[in-house]
Amino acid sequence: MSYQVKRINPYWHSHPMIPASVAIGIIVGAVGFVTGKAVIGGIGALIVAGAILFAAKPVLSALLGTLGVLGGLAQFVVLPRDLNTSTLSLPMRWGAAILFGLFYMVLMDALVLVVAVLYNLYASALGLGGLSLDLEAAEDEGPAA
């Protein structure tokens, strides 16, 4: 069996206010950066992160968040390579690992959403064709474990 992937859909919600919220958050963050007010920049970052998390499917965010936390644990708790990291207390290392996981989740969700938009644009709107999958039917060997 041969199938062609014409569209990738990682979107949980596709309301038009989501890209507008991302743009507003970027503007608020830039204003906070230019004026040197970290609180305003943080509010802009929270607006962008909330819009990205609202746009991506929860399973995608959970998967990428898990990978981020595991990477953060490896970087900050298990194998701290940096002198600054190795001098932190254990609760601070755990906090750094969790924050790393959250940042990783939001950034990778945004990356997956952008890749899906570009793939859908190239595959359908420009007619460049999509990925093709050749699948074979599997024989039933019994009930799954």
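Treat the numbers as computed from the prediction; the structure is a model and nothing was measured. (Residues numbered from 1 in each chain as written. Predicted model: local features only at pLDDT ≥ 70, side-chain atom pairs only at ≥ 80, totals over all residues. Heavy atoms only, no water.)

Within the chain, the secondary structure is distributed over five helices and two strands. Along the chain direction, N to C, the helices and strands of the chain fall in the order β-α-α-α-α-α-β. For 145 residues, the compact-globule estimate of 2.2 N^0.38 gives 15 Å, and the C-alpha radius of gyration of the chain, at 20 Å, exceeds that figure by more than 25%. Projecting the C-alpha coordinates of the chain onto the three principal axes gives extents of approximately 55 × 40 × 25 Å. Looking at the chain residue by residue over its 145 residues, the buried ones come to 24%. Long-range contacts, defined here as pairs at least 24 residues apart, represent 73% of the contacts in the chain between residues at least 6 apart. As displayed, the chain has an accessible area near 10200 Å², and 72% of this comes from carbon and sulfur atoms. Side chains of the chain give 6 positive and 7 negative charges; the mean places of these two sets differ by 23 Å. (Helix = DSSP H or I, 4+ residues; strand = E, 2+ residues; numbered from the N terminus. Rg over C-alpha atoms; globule rule 2.2 N^0.38 Å. Buried < 20%, exposed > 50% of the residue type's maximum accessible area, 1.4 Å probe, protein only. Contact = heavy atoms within 4.5 Å. Areas by Shrake-Rupley, 256 points an atom, 1.4 Å probe, with all protein chains shown as cover. Lys, Arg positive; Asp, Glu negative; His and termini not counted. Charge placed at Lys NZ, Arg CZ, Asp CG, Glu CD.)

On to the packing of aromatic side chains. Aromatic ring pairs: the centre-centre distance and the angle between the two ring planes describe each pair. Inspection of every chain in the model, using the stated rule, returns three aromatic pairs. Geometrically, the ring pair formed by W12 and F54 is tilted, given 5.8 Å between the ring centres and 55° between the ring planes. On the criterion of sequence distance, the pair formed by W12 in the loop between β1 (2-5) and α1 (17-35) and F54 in helix α2 (residues 38-55) is long-range, its members being 42 residues apart. For F54, a relative accessible area of 39% gives the class partly exposed. (Phe/Tyr/Trp six-rings, centres within 6.5 Å; stacked < 30°, edge-to-face > 60°.)

Counting 13 residues, the largest nonpolar core has I52 and L113 as its most contacted members. Elements with a contribution of two residues or more to this core: α2, α3 (58-78) and α5 (90-125). Counting residues per element, this core draws most heavily on α2, at five residues. Leaving out residues up to four positions away in the same chain, I52 has contacts with V22, V106, D109, A110 and L113. (Core = buried A, V, L, I, M, F, W, Y, C linked by side-chain atoms within 4.5 Å.)

Take the environment of N9 next. Following the sequence through the fold, N9 ends up in the loop between β1 and α1. What makes N9 partly exposed here is its relative accessible area of 41%. Remark: the alpha-carbon pair of N9 and V22, spanning 13 residues in sequence, is separated by 19 Å.

This brings us to the layout of surface pockets. Quantified by volume, the largest pocket comes out at close to 280 Å³. Along the walls of the largest pocket sit 14 residues, with Y11, I18, P19, A55 and L113 positioned nearest its centre. No other element matches α5, which puts four residues into the lining of the largest pocket. In terms of residue class, the lining of the largest pocket is built from eleven nonpolar, three polar and no charged. What lines the second largest pocket is A45, L46, A49, L53, L102, F103, M105, V106 and L107. Secondary-structure elements contributing two or more residues to the lining of the second largest pocket are α2 and α5. Per element, the largest residue contribution to the lining of the second largest pocket is five residues, and it comes from α5. (1 Å grid on protein atoms, 1.4 Å probe; cavity = no way out; pocket = protein on both sides within 12 Å on 5 of 7 lines; lining within 4 Å. Points joined across faces, edges and corners; volume = space filled by probe spheres on them. Nonpolar A, V, L, I, M, F, W, Y, C, P; charged D, E, K, R; others polar.)

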